[in-house]
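Residue-level listing of the chains:
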Amino acid sequence: MIRPQPGILDIALYQGGASKIAGHAAPLKLSSNENPFGPSPMAIAAARDTITDLHRYPSTDHAPLREAIADIYGLDADRIICGVGSDEVLAWLAQAYAGPGDEVMFTEHGFSIYRIAALSVGATPVEVAETERTTDIDALIAAVTDRTRLIFVANPNNPTGTMVPLSGLERLAAALPDQCLLVIDGAYAEFVPDYDGGAALVAARDNVVMTRTFSKVYGLGGLRVGWGYGPQPVIDVLNRIRGPFNLSVTALAGAEAAVRDTGFIDACLRVNAEERARLTGGLRQLGIAVDDSHGNFVLARFADEAEADAADAHLKSAGIIVRQVKGYKIPEGLRITVGRPEDVTRVLDALATFRGVA
Ligand SMILES: *Cc1c(COP(=O)(O)O)cnc(C)c1O
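Read on for a plain summary of the structure. Given the structure is predicted, the values throughout are model-derived calculations rather than measurements.

Details of the site of the ligand
Moving on, step 1. Lining the immediate surroundings of the ligand are G85, S86, D87, F111, N158, D185, A187, Y188, T213, S215, K216 and R224.
Moving on, step 2. Contact distances for the ligand include 2.7 Å between an oxygen atom and a backbone N or O atom of S86.
Moving on, step 3. Separating an oxygen atom of the ligand from a backbone N or O atom of D87 is a distance of 3.0 Å.
Moving on, step 4. Contact with the protein chains removes 94% of the 390 Å² of surface that the ligand exposes when unbound.
Moving on, step 5. In this structure the site holding the ligand corresponds to the second largest pocket.

Below, the structure is given as structure tokens:
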């Protein structure tokens, strides 16, 4: 029987956020950090307008989308590459820079795609402890060896919601040996005021790459568009392995319109900040531990795994789907996406009943 490449059979299948509860026709889905308001109406219109052109191949260089991103984020369009979600960009990085015998590093509660990316190219995943559910820069520096090729750090991190200051990432980048790249995953960077996701660090150094996505605040998880920003030689390498037509005409048009509608995004960010504060405060009032989150979700921590399971079951009975994070080594946690104001109220009411407070 033919065998796959080494590492592939060690990959555990990615567990997505659930979207159904038996007996609930329209559950409230707070399990995948989606934008509860959906995408910009302009993105919907632009995507819909492509339907009559589906016999045409899409652009292969993605120039209009890269220029829109460069305009809005103040970046150099030549150093942007667009992928089928940022997951594809992360996979290219592993494919281009790591293989058997190489180490790919990430943190204890890091995003599960990092391990999958490492194993899928036969590299060795190396998990580094966090401190109080937060990336530990010193621990990462101490764990680097002459085999380390990639370090993936999500900042803010998912599922913890915590983040480290840019100065920590700068210190990490400056400490790396020549054969190693730092990848800053900025899936939630838009949610952090006055934070560039590491863009200036990319511009200043030759060993840092930033990844971003249209799946979170832009509300386009279903369209599958993400991007990377990196040193020109790295982007040139990734472009060699990128499929020439990786993004559809619909994805390109929808994402371009979405990135240009900054008014819509600003409004979503305002609501998220208000509702995240209300959700965090409400959980703490109920005696449920929560770290300050910098994303569009919070990680509620219960006494133990049994209590988290019971809370999850109670929320399900109320028609609310949140995310268990046992696979992220936080069995006592439930990750809850920040919804619309009425959604947050519904979650807090259900948990008050669970705690016997209401
Ligand atoms: C959601 C998420 C992504 C985005 O993945 P896409 O492939 O762009 O949908 C990347 N990194 C982290 C940490 C995430 O939570």
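With respect to the packing of helix α1 (residues 41–49) against helix α9 (residues 249–260)
Moving on, step 1. The N-to-C vectors of α1 and α9 enclose an angle of 155°; their axes lie 7 Å apart at closest approach. As the angle between them shows, α1 and α9 are arranged roughly antiparallel. For the pair α1 and α9, the crossing hand works out as right-handed. Here M42, A43, A46 and A47 of α1 come into contact with α9, specifically with T250, A253, G254, A257 and A258.
Moving on, step 2. Class assignment of the residues belonging to the contact of α1 with α9 gives a composition of seven nonpolar, two polar and no charged.

Conventions and cut-offs
- Residues numbered from 1 in each chain as written.
- Predicted model: local features only at pLDDT ≥ 70, side-chain atom pairs only at ≥ 80, totals over all residues.
- Heavy atoms only, no water.
- Near = heavy atom within 4 Å.
- Polar contact = N/O pair within 3.5 Å; in protein donor to acceptor, adjacent residues only side chain to side chain.
- Areas by Shrake-Rupley, 256 points an atom, 1.4 Å probe, with all protein chains shown as cover.
- 1 Å grid on protein atoms, 1.4 Å probe; cavity = no way out; pocket = protein on both sides within 12 Å on 5 of 7 lines; lining within 4 Å.
- Sits in = over half its atoms within 2 Å of the grid points.
- Axes fitted to C-alpha atoms, helices over the stretch in contact; angles between N-to-C directions.
- Helix = DSSP H or I, 4+ residues; strand = E, 2+ residues; numbered from the N terminus.
- Parallel < 35°, antiparallel > 145°, perpendicular 65-115°, else oblique.
- Left-handed = near helix turned anticlockwise from the far one by under 90°.
- Contact = heavy atoms within 4.5 Å.
- Nonpolar A, V, L, I, M, F, W, Y, C, P; charged D, E, K, R; others polar.

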